[in-house]
Amino acid sequence: MIGRRSKQTDVAHTRGGLQLKHLSVLAVSLLALTSAGCDDRAAAPAARAAFVRTEIVQQRDQQASVTLTGEVQARFRADLSFRVSGRVIARFVEVGVHVEAGQVLALLDPAEQQADVDAATAAVAAAESQLRVAKATFERQKTLIASGFTTRPVYDQAQEGLRTAEGVLEAAKAQLGSANDALGYTALRAEAAGVITARSLEIGQVVQAAQPVFALAQDGERDAVFDVYESIFFARLDGSRVSLRLVGDPNVTASGHVREISPVIDPKSSTIRVKVAIQDPPAAMTLGSPIAGTAKAKAQRQIALPWTALTATGSRPAVWAVDPKSRTALLKPVTVAGYEAGDVLISAGLEPGERVVIDGGKLLSVGQPVAYEGDRS
C-alpha cells in the first residue's frame, strides 16, 4: 500500500511540473508578443508628405471688362399720326423706306374736311356782306349827326353794329383758316428725313386723331442701346468710354460714350436701359444692327489665383497655404472679389509672398507635411 501511494504521488508531481512548464512557456510567449507590439508602435513611420504644386502669392494689375450686346437705334425717333380722324384712302410707304422731310406718307378721305372749308368760306362771304351794310349804315348816321338830323342813340347803335360785323368777319376768317388746316391734315407728311421703322395702318382703315400709324427714325446721330443688369454699375468703370463693334462683322468698329442711363428698372426684365452715343458711325452700322459694346473697369492691384486653388472651410471660401518653417499645410479663409476665366480674384486673407497650393489640395489635412519641389513658382 505504501509503495502504491508513493508511485501515485510521483505521477502527480510529474503532471504538475508539466502544467507549470506549459504555463511558463505561455507567459513568455505573451510577453514576447507584448514587447513586439510595443516595438511596432515605437517604430511606426512618420506621416508621408503630400506632393503638391504651389505658387508664391503676388499682386497683379487687374483690369476687368464687361461686354454686352445691344442694338443700333436712331437718336431721335417719332411716332407719326394724323391730326384729324378719317378713313385711309392711300398709303405710299412701307417699313424700311427712306423718306424726305415733307414727303406724303398717307391720305385720308377729305370729304368731311372739304365740306367744312366750303361752309367756312360761305360764312366769310356772309360776314363780309354784313360788314358792308353795317359800314354804310354807320357812314350815313355819321353824316346825319353832323347835320343834326339824327339822334345820338341811333348813331351809337350804328357804330356798335359796325364793330359787331367786323368781329363776325374775323371769326369767320379764323374758322375758314381752321377748316383749311384740317383739310391739309388729311395728308400725313414726314416731319424730317429718316427711315420708316413701323407701320400700323391699311387702306380703308378708320383712324382716330393722334393714333400712331408710322414710326420714323430720323437721319443723323445714332445710339447703341443696351439693357444691362444693375450689378454692372457696382463695378468702377474707367470713364464713360465704350468700344463698339458689329456682331455680324467684328471688323466694323467705332467708339462711343455713355449718353443716357435710365433712372428706373424695367419691371419685366429687371434691367436698366443705357444709351451710348456712337461717334462717327460707319455706314455699315445701320438701324437695328446688333452691336457689342465693351467697357473697361479701372485697373486694380489684386491677387489672382487659379480656380484649382480655391476650396472651402465651412461655408467660407479658403485656400491651402504652406507654413515656410514646418512645411505643413494651413487652411486660410479668404475673401473673393470676383471671378474671371481661369482665375479667382482674392481681396483679403492672403499677403504677397505667401506660398499657396494650386494643385493637389483636395486630399490635404491641416498640419499635413507637403512637398512642393518643382512647383511653377
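1. Here we look at the overall build of the chain
No. 1: Secondary structure assignment for the chain yields 3 helices and 25 strands.
No. 2: Per-residue burial for the chain yields a buried fraction of 30% across its 377 residues.
No. 3: In the chain, the share of contacts with a sequence separation of at least 24, taken over all contacts with a separation of at least 6, comes to 73%.
No. 4: For the chain, the computed accessible surface area is about 23300 Å², with 54% contributed by carbon and sulfur atoms.

2. Description of the nonpolar core
Grouped burial of nonpolar side chains is what soluble globular proteins tend to show.
No. 1: In this structure, F82, L105 and F214 are the most contacted members of the largest nonpolar core, which totals 19 residues.
No. 2: Every element with two or more residues in this core is listed here: β5 (77–81), β8 (104–108) and β12 (212–218).
No. 3: Grouped together as the second largest cluster of nonpolar side chains are 16 residues, F226, L246, A254 and I291 included.

3. What to know about the packing of helix α2 (residues 111–147) against helix α3 (residues 152–184)
No. 1: Contact geometry of α2 with α3 gives a least axis separation of 7 Å together with a crossing angle of 160 degrees. The pairing of α2 with α3 is recorded here as roughly antiparallel in orientation. Here α2 runs over α3; the crossing is left-handed.

4. What about the sheet that holds strand β4 (residues 65–74)?
No. 1: Taken in spatial order, the 6 strands close into a barrel running β4-β13-β16-β15-β14-β17, and their pairing is antiparallel. This sheet shows a mean twist of 40 degrees between the axes of neighbouring strands, independent of strand direction.
No. 2: Pairing between strand β15 (residues 253–261) and strand β16 (residues 271–279): 6 bridges, direction antiparallel. Paired with G256 across the bridge in β16 is I278.

Criteria and thresholds
Residues numbered from 1 in each chain as written. Predicted model: local features only at pLDDT ≥ 70, side-chain atom pairs only at ≥ 80, totals over all residues. Heavy atoms only, no water. Helix = DSSP H or I, 4+ residues; strand = E, 2+ residues; numbered from the N terminus. Buried < 20%, exposed > 50% of the residue type's maximum accessible area, 1.4 Å probe, protein only. Contact = heavy atoms within 4.5 Å. Areas by Shrake-Rupley, 256 points an atom, 1.4 Å probe, with all protein chains shown as cover. Core = buried A, V, L, I, M, F, W, Y, C linked by side-chain atoms within 4.5 Å. Axes fitted to C-alpha atoms, helices over the stretch in contact; angles between N-to-C directions. Parallel < 35°, antiparallel > 145°, perpendicular 65-115°, else oblique. Left-handed = near helix turned anticlockwise from the far one by under 90°. Pairing = 2+ DSSP bridges.

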